[in-house]
Amino acid sequence: MIAETSAFLTWAMRQDAALPRIPRRRVSHGGFRALLAQPGARARIGHWWDCVLERIPV
(Lines give C-alpha, C1' and ligand atoms only; values in the text may rest on other atoms or scores of the structure.)
Protein backbone atom coordinates (compact mmCIF):
# COMPACT_ATOMS: atom_id res chain seq x y z
CA MET A 1 0.00 0.00 0.00
CA ILE A 2 2.98 2.34 0.46
CA ALA A 3 3.75 2.28 -3.28
CA GLU A 4 0.11 3.04 -4.13
CA THR A 5 -0.02 5.92 -1.64
CA SER A 6 3.24 7.33 -3.02
CA ALA A 7 1.91 7.07 -6.58
CA PHE A 8 -1.32 8.76 -5.54
CA LEU A 9 0.43 11.64 -3.78
CA THR A 10 2.76 12.20 -6.75
CA TRP A 11 -0.20 12.17 -9.13
CA ALA A 12 -2.33 14.40 -6.88
CA MET A 13 0.38 17.05 -6.57
CA ARG A 14 0.48 17.32 -10.38
CA GLN A 15 -3.29 17.78 -10.76
CA ASP A 16 -5.04 21.07 -11.22
CA ALA A 17 -8.24 19.65 -9.76
CA ALA A 18 -9.42 20.25 -6.23
CA LEU A 19 -8.98 16.95 -4.42
CA PRO A 20 -10.09 16.18 -0.87
CA ARG A 21 -7.59 17.32 1.73
CA ILE A 22 -5.77 14.87 3.93
CA PRO A 23 -6.48 15.69 7.59
CA ARG A 24 -3.48 16.88 9.56
CA ARG A 25 -4.65 15.17 12.73
CA ARG A 26 -4.54 11.46 13.45
CA VAL A 27 -7.92 9.78 13.63
CA SER A 28 -7.36 9.32 17.37
CA HIS A 29 -7.00 13.11 17.65
CA GLY A 30 -10.10 14.01 15.63
CA GLY A 31 -8.96 13.61 12.02
CA PHE A 32 -11.82 12.24 9.88
CA ARG A 33 -13.98 12.09 13.02
CA ALA A 34 -17.10 13.58 11.40
CA LEU A 35 -16.81 11.38 8.32
CA LEU A 36 -16.10 8.17 10.23
CA ALA A 37 -19.12 8.76 12.47
CA GLN A 38 -21.47 8.32 9.51
CA PRO A 39 -22.93 4.91 8.60
CA GLY A 40 -21.00 3.24 5.76
CA ALA A 41 -18.12 5.70 6.03
CA ARG A 42 -15.33 3.13 5.80
CA ALA A 43 -16.92 1.60 2.70
CA ARG A 44 -17.16 5.06 1.08
CA ILE A 45 -13.54 5.79 1.91
CA GLY A 46 -12.47 2.46 0.42
CA HIS A 47 -14.50 3.15 -2.71
CA TRP A 48 -12.99 6.64 -3.02
CA TRP A 49 -9.44 5.22 -2.85
CA ASP A 50 -10.29 2.50 -5.39
CA CYS A 51 -11.62 5.10 -7.84
CA VAL A 52 -8.68 7.46 -7.36
CA LEU A 53 -6.03 4.74 -7.64
CA GLU A 54 -7.59 3.52 -10.91
CA ARG A 55 -7.01 6.97 -12.42
CA ILE A 56 -3.27 7.02 -11.77
CA PRO A 57 -1.22 6.06 -14.81
CA VAL A 58 1.33 3.43 -13.85
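Just so you know, these numbers come straight off a predicted model, no measurement behind them.

*Asks:* I would appreciate a short explanation of the nonpolar core in the present structure.
*Replies:* The nonpolar side chains of a soluble globular protein tend to be buried with one another. Formed by Phe8, Trp11, Ala12, Val52 and Ile56, the largest nonpolar core amounts to 5 residues. In contact with Trp11, other than residues within four places in its own chain, are Leu19, Val52, Arg55, Ile56 and Pro57.

*Asks:* Mind showing me how you'd approach the packing of aromatic side chains here?
*Replies:* Two aromatic rings, taken as a pair, are described by how far apart their centres are and by the angle between their planes. Following the criterion strictly, the structure yields 1 aromatic pair and no others. Judged by centre distance (5.1 Å) and plane angle (85°), the rings of Trp48 and Trp49 are edge-to-face. Relative accessible area serves as the criterion here: at 29%, Trp48 is assigned to the partly exposed category. Classification of Trp49 by relative accessible area gives partly exposed; the value is 24%.

*Asks:* How do you make sense of helix H1 (residues 2-14) when you look at a structure like this?
*Replies:* An α-helix turns once per 3.6 residues; consequently, residues spaced three or four apart project the same way. In this model, H1 (13 residues) spans 19 Å end to end at C-alpha, consistent with the 18 Å of a helix rising 1.5 Å per residue. For H1, the full list of buried residues reads Phe8, Trp11 and Ala12. The arc that holds every buried residue of H1, seen down its axis, measures 100°, which confines them to one face. In H1, the exposed positions angled more than 90 degrees off the buried face are occupied by Ile2, Ala3, Met13 and Arg14. Residues of H1 that are buried in the fold lie against helix H3 (41-55).

*Asks:* Just checking my understanding: could you explain the packing of H1 against H3 for this structure?
*Replies:* Between two packed helices, what matters for the description is the angle formed by their axes and the separation of those axes. Between H1 and H3, the least distance of the axes is 10 Å, while the angle of their chain directions is 70°. The orientation of H1 relative to H3 falls into the category roughly perpendicular. For the crossing formed where H1 meets H3, the hand is left-handed. Seen from H1, the contacting residues are Glu4, Phe8 and Trp11; seen from H3, they are Trp48, Trp49, Val52, Leu53 and Arg55.

About the thresholds
Residues numbered from 1 in each chain as written. Predicted model: local features only at pLDDT ≥ 70, side-chain atom pairs only at ≥ 80, totals over all residues. Heavy atoms only, no water. Core = buried A, V, L, I, M, F, W, Y, C linked by side-chain atoms within 4.5 Å. Buried < 20%, exposed > 50% of the residue type's maximum accessible area, 1.4 Å probe, protein only. Contact = heavy atoms within 4.5 Å. Phe/Tyr/Trp six-rings, centres within 6.5 Å; stacked < 30°, edge-to-face > 60°. Helix = DSSP H or I, 4+ residues; strand = E, 2+ residues; numbered from the N terminus. Expected span 1.5 Å × (residues − 1). Arc of directions from axis to C-beta. Axes fitted to C-alpha atoms, helices over the stretch in contact; angles between N-to-C directions. Parallel < 35°, antiparallel > 145°, perpendicular 65-115°, else oblique. Left-handed = near helix turned anticlockwise from the far one by under 90°.

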